[in-house]
Amino acid sequence: MDDGFLMEVCVDSVESAVNAERGGAGRIELCAGLVEGGTTPSMGLLQVVKQCVRVPVFVMIRPRGGDFLYSDREVEVMKADIRLAKLHGADGLVFGALTEDGRIDTELCTALLAVCRPLPVTFHRAFDMVHDPLVALETLISLGFERVLTSGCDSSALEGLSLIKRLAEQVMSCARCVTWGLFPPGGGITERNLQRILEGSTASEFHCSARSARDSGMKFRNPNVAMGASFSAPEYSIKVADVAKVRTLNAIAKNIL
């Protein structure tokens with residue numbers, strides 16, 4: 001934060017974590033399943049990433065893709081994953097949970113926060129699915145979340161910019177928010193729109209993946225078989241955090257802030 005901002009890069013591999021740090025990321029959000037918006041990574045991945053980078057690593061706690069309405073058994077999985085992530089060196093946790101009517105699940109969030117402490121916690125983009133974002137933000141403040149990740153309840157942070165600004169103003173005007181974390185706009189951030197997003201949102205943090213596709217090293221390839229659903233990434237193209245992209249985004253933010 002010496003430069004007045006913090007860049008968080010979401011990653012799903014050791015290579016991406018190392019590249020994010022090399023490019024200047026101040027924090028890493030470690031996930032699996034980025035195609036689904038991020039799910040809980042393996043503890044093996046967390047262990048090795050912690051051995052390879054020095055910046056803080058926040059771990060996604062999300063037992064599956066899809067919505068953020070969780071069953072009792074899924075909640076038990078989340079609690080177990082939080083305990084394991086803390087055991088294996090997580091510097092922070094990231095989760096979100098909603099009720100069926102699109103409000104913050106205060107009972108579940110309170111229970112999960114208790115398991116997470118004393119680590120800082122981010123409420124992830126489940127926030128973008130709430131019924132009333134201004135009310136939801138007040139709820140998260142009262143619960144004690146340090147930060148919220150949002151695209152302004154729209155398809156990207158650029159489209160949701162006006163709401164992000166309103167939310168940031170709400171945080172700044174709240175007398176109870178002395179320890180409230182910064183409000184990072186996330187979702188669709190690129191070199192082309194970062195300046196406009198940061199200037200328009202007054203944010204001091206931003207969240208991105210900054211990935212590029214890298215061709216697989218496989219020489220033999222079977223074009224008739226796919227390992228996942230039709231929307232998943234092809235087997236012979238690997239997306240990793242791009243050092244040059246991270247550096248470019250970092251430089252843009254430094255020039256603005």
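Model, not experiment: these values are computed from the prediction. All residue numbers refer to position in the chain's written sequence, counted from 1. For this predicted model, a pLDDT threshold of at least 70 governs which residues receive local features, and a threshold of 80 or more governs which side-chain atom pairs are given and counted, while totals over whole chains, interfaces and linings are taken from all residues. Only hydrogens and water are set aside; all other atoms, that is, all heavy atoms of the structure, feed into the side-chain values.

Regarding unusual backbone geometry
Note the cis peptide between R117 and P118, where omega equals 15 degrees. For helices the rule is a DSSP run of H or I covering at least 4 residues; for strands it is a run of E covering at least 2, with both sets numbered from the N terminus onward. Note on placement: P118 falls in the loop between α4 (106–116) and β5 (121–123). Notably, C153 is not glycine yet its phi reads approximately 60 degrees, a positive angle. With respect to the element layout, C153 can be found in the loop between β6 (147–148) and α6 (161–173). Notably, A210 is not glycine yet its phi reads approximately 50 degrees, a positive angle. Relative to the assigned elements, A210 resides in the loop between β7 (205–208) and β8 (211–215). Exposure classes here rest on a 1.4 Å probe applied to the protein chains alone. A residue is buried below 20% of its type maximum, exposed above 50%, and partly exposed in between. In this structure A210 comes out as buried when scored by relative accessible area, which is 9%.

Considerations on the packing of helix α5 (residues 133–143) against α6
Running from N to C, α5 and α6 point in directions that differ by 35 degrees, and their axes come no closer than 11 Å. Pair α5 / α6 crosses with right-handed handedness. Contacts between α5 and α6 involve P133, L134, L137 and E138 on the former and, on the latter, L163, R166, L167, Q170 and V171. Nonpolar residues are Ala, Val, Leu, Ile, Met, Phe, Trp, Tyr, Cys and Pro. Charged residues are Asp, Glu, Lys and Arg, and all others, Gly as well, are polar. Here the contact of α5 with α6 is built from residues that sort into six nonpolar, one polar and two charged. Each axis is a line fitted through C-alpha atoms, taken for helices only over the stretch in contact, and angles between the N-to-C directions span 0 to 180 degrees. Handedness of each helix crossing follows the sense of rotation of the near helix against the far helix: counterclockwise by less than a right angle gives left-handed, clockwise gives right-handed. Contact criterion: two residues are considered in contact whenever any of their non-hydrogen atoms come within 4.5 Å of each other.

A short note on the confidence of the model for the chain
What pLDDT reports is the predictor's confidence in each residue, on a scale of 0 through 100. Predicted confidence across the chain gives a mean pLDDT of 89, with 91% of residues reaching 70 or more. In the model, residues 178–182 has pLDDT below 50 throughout and makes 16 contacts with residues more than four positions away in sequence or in other chains.

Structural notes on the pairing of strand β1 (residues 6–11)
A large share of β1 lies buried, amounting to six of its six residues. Alternating positions in β1 separate into two faces, L6, E8 and C10 on one and M7, V9 and V11 on the other, with burial throughout. When DSSP finds two or more bridges between a pair of strands, those strands are recorded as paired. With four bridges joining them, β1 and β7 adopt parallel strand pairing. Opposite V9, over in β7, you have C208 as the bridge partner. Bridging between β1 and strand β2 (residues 27–30) involves four bridges; their strand directions are parallel.

Concerning the environment of L69
The residue L69 is located in the loop between β3 (57–60) and α3 (72–87) in this model. According to the relative accessible area criterion, L69 is partly exposed, its value standing at 41%. Separated by 30 residues in sequence, L69 and T99 place their C-alpha atoms 6.0 Å apart. Setting aside its immediate chain neighbours within four residues, L69 contacts R64, E74, L98, T99 and E100.

Observations regarding the nonpolar core
Taken as a class, soluble globular proteins show a tendency for nonpolar side chains to be buried jointly. For our purposes a nonpolar core is just a set of buried Ala, Val, Leu, Ile, Met, Phe, Trp, Tyr and Cys residues, chained together by side-chain atoms within 4.5 Å. Ranked by size, the top nonpolar core spans 66 residues in total, and within it F95, F123 and F206 carry the most contacts. When residues of this core are assigned to their parent elements, the largest contribution, six residues, is made by α4. Apart from the residues lying within four places of it in its own chain, the contact partners of F123 are F95, G96, A97, L98, I104, C109, L140, F145, R147, V148 and L149. C10, C31, L34 and V94 belong to the second-largest nonpolar core, a separate cluster that totals six residues.

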